Amino acid sequence: MTIGVIGTGNMGTLLIESFIRSKAIQPSEFVITNRTLSKAESLSKKYEGIQVVPSAKSVFKEAKTIFICVKPLSIYPLLKEANDVIEHNHLVISITSPIRVEQLESSLPCPAARVIPSIVNQTLSGSTLLTFGERCTEEVKTSLTQLLQSISNPIEIEEEITRVSSDLSSCGPAFLSYLFERMISAAVSTTEITEEKATQLLTDMVIGVGKLFEEKTYTLDTLKKKVMVKGGVTGVGIQILEDELGEVFEHLFKATQMKFVEDHKEVDPQYSIKPSS
Ligand SMILES: NC(=O)C1=CN([C@@H]2O[C@H](COP(=O)(O)OP(=O)(O)OC[C@H]3O[C@@H](n4cnc5c(N)ncnc54)[C@H](O)[C@@H]3O)[C@@H](O)[C@H]2O)C=CC1
Ligand SMILES: O=C(O)[C@@H]1CCC=N1
């Protein structure tokens, strides 16, 4: 199976390396390009066999299944530039949230899908958010889902829950890292613990909690109850969280929804189909 990747920044590189790590795709099955070609070339030096080509158009000539891993506004011009070599049996996969699959298919002669990855996919875990265009046949759906299963838990999502799903799955690692940093700095500023020791303890704890969830030992609620011994110290901490967190997460999800509307306002004029909501 030849897989094309256009754009080898953070996410393009992550997908290539994860598919290779999972052994789902051999380096020799990749045809890749990047605007700054040296970035793609450094990947082909790291993984012998990856083929680097000079343009998006060349990727479409060499591969039928193509991941487009560039910023939202760059997608439309890229598809237009490659237009005369895109055929009905290509499959175009975009990895960004503010472009709907209908918008992609409206500017293509072939099926399109959207796969929003997460930085955690590089550990061959976490979700990928999957949405199929109307032109995707059952065969296309099955083979793309199987491919994604090698690096993630593919979850099919409807357009309406795109932003919040990506907030949880793809932005979530950054949100949690921020919260963990705040926990560490508060621990350091209010007690005698060093930043190094606090970071070590928190990191070990997070890895352990992840493993407990992976082993399905506890749900969020049962884990919380197990630690919260009656009359104990955890309950005192949870009470502070309940009293003081306020509506911070409601505000967060509202703010990202508003940013999503702004992103669509920029991207939508490029496509003939406007979003329905
Ligand atoms: N960073 C993250 O955790 C996630 C990002 N995404 C989405 O992935 C997309 C890419 O994000 P990043 O990889 O972080 O960005 P990035 O800026 O690291 O990578 C984009 C790459 O595309 C290349 N590029 C741009 N136009 C090109 C063209 N016409 N032909 C060939 N290469 C071209 C650039 O040179 C750059 O290397 C964004 O739309 C983002 O929304 C999706 C899920 C998670
Ligand atoms: O398009 C998205 O939703 C992702 C989430 C993080 C960056 N881009």
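Computed from a predicted structure; not experimentally measured.

The rules behind these values
Residues numbered from 1 in each chain as written. Chains lettered and ligands numbered in written order. Predicted model: local features only at pLDDT ≥ 70, side-chain atom pairs only at ≥ 80, totals over all residues. Heavy atoms only, no water. Patch = residues over 30% accessible without salt bridge, like charges linked within 9 Å, V, L, I, M, F, W, Y side chains within 5 Å. Areas by Shrake-Rupley, 256 points an atom, 1.4 Å probe, with all protein chains shown as cover. Salt bridge = Lys/Arg side-chain N within 4 Å of Asp/Glu carboxyl O. Helix = DSSP H or I, 4+ residues; strand = E, 2+ residues; numbered from the N terminus. Buried < 20%, exposed > 50% of the residue type's maximum accessible area, 1.4 Å probe, protein only. Contact = heavy atoms within 4.5 Å. Domains from an automatic or database assignment. Buried area = accessible area lost by both parts, 1.4 Å probe. Polar contact = N/O pair within 3.5 Å; in protein donor to acceptor, adjacent residues only side chain to side chain. Nonpolar A, V, L, I, M, F, W, Y, C, P; charged D, E, K, R; others polar. Expected span 1.5 Å × (residues − 1). Phe/Tyr/Trp six-rings, centres within 6.5 Å; stacked < 30°, edge-to-face > 60°.

A cluster of nonpolar side chains, namely Leu-176, Tyr-178, Leu-179, Leu-241, Leu-245, Val-248 and Phe-249, defines an oily patch on the protein surface of about 610 Å² accessible area. Put simply, the parts of the chain that give the nonpolar patch at least two residues each are α7 (162-190) and α11 (248-267). Structurally, the position occupied by Leu-245 is in the loop between α10 (233-244) and α11.

By the definition in use, this model includes 11 salt bridges. Between Glu-159 and Arg-114 there is a salt bridge whose closest N-O contact spans 3.3 Å. Of this pair, Glu-159 sits in the loop between β8 (153-156) and α7 while Arg-114 is found in strand β6 (residues 112-116), placing the two residues 45 residues apart along the sequence. Close ionic contact of Asp-221 with Lys-224 constitutes a salt bridge, the shortest N to O distance being 3.9 Å. Linking Asp-221 with Lys-224, this pair stays in helix α9 (residues 220-227), spanning three residues, or about one helical turn. Since its relative accessible area comes to 35%, Asp-221 is described here as partly exposed. Each member of the salt-bridge network shares a partner with another, and the members are Asp-221, Lys-224 and Lys-225.

For the rest of this paragraph, the subject is the side chain of Thr-128. Positionally, Thr-128 belongs in strand β7 (residues 127-132). When sequence neighbours within four positions are dropped, the list of residues in contact with Thr-128 reads Val-115, Ile-116, Pro-117, Asn-121, Leu-148, Ser-152, Asn-153, Pro-154 and Ile-155.

With that settled, consider the domain arrangement of the protein. Splitting the protein by domain gives domain 1 (3-158) and domain 2 (165-251). Distance from the C-alpha centre of domain 1 to the C-alpha centre of domain 2: 34 Å. Between domain 1 and domain 2 the total buried area reaches about 460 Å² when both faces are included, carbon and sulfur atoms providing 62% of it. On the domain 1 side of the interface with domain 2, the three residues burying the most area are Ser-118, Ile-119 and Leu-129, jointly 53% of the side's total. Inspection of the domain 1/domain 2 interface yields zero salt bridges. Scanning the region where domain 1 abuts domain 2 turns up two residue pairs in polar contact (both at pLDDT 80 or more). The residue inventory of the side of domain 1 that touches domain 2, partitioned by class, reads six nonpolar, two polar and no charged.

Another aspect to go through is α10. Given 3.6 residues per turn, any residue in an α-helix points the same way as the ones three and four places further on. End to end, α10 covers 17 Å across 12 residues, agreeing with the expected 16 Å (1.5 Å per residue, within 8%). After α10 finishes, the residue Gly-246 shows a positive phi value of roughly 60 degrees.

Right, let's get into the packing of aromatic side chains. Centre-to-centre distance and the angle between the planes together describe a pair of aromatic rings. The full count for this structure, using the stated rule, is two aromatic pairs. Taking 5.9 Å as the distance between ring centres and 45 degrees as the angle between the ring planes, the aromatic pair formed by Phe-19 and Phe-67 counts as tilted. Separated by 48 residues along the polypeptide, Phe-19 in helix α1 (residues 10-21) and Phe-67 in strand β4 (residues 65-68) bring together distant segments of the chain. A single burial state applies to Phe-19 and to Phe-67, both of which are buried. Relative to Tyr-271, the ring of Tyr-76 lies with its centre 5.1 Å away and its plane at 80 degrees, an arrangement referred to as edge-to-face. Note that Tyr-76 is positioned in helix α4 (residues 72-82) and Tyr-271 in the segment after α11, a separation of 195 residues in sequence. Relative accessible area serves as the criterion here: at 23%, Tyr-76 is assigned to the partly exposed category.

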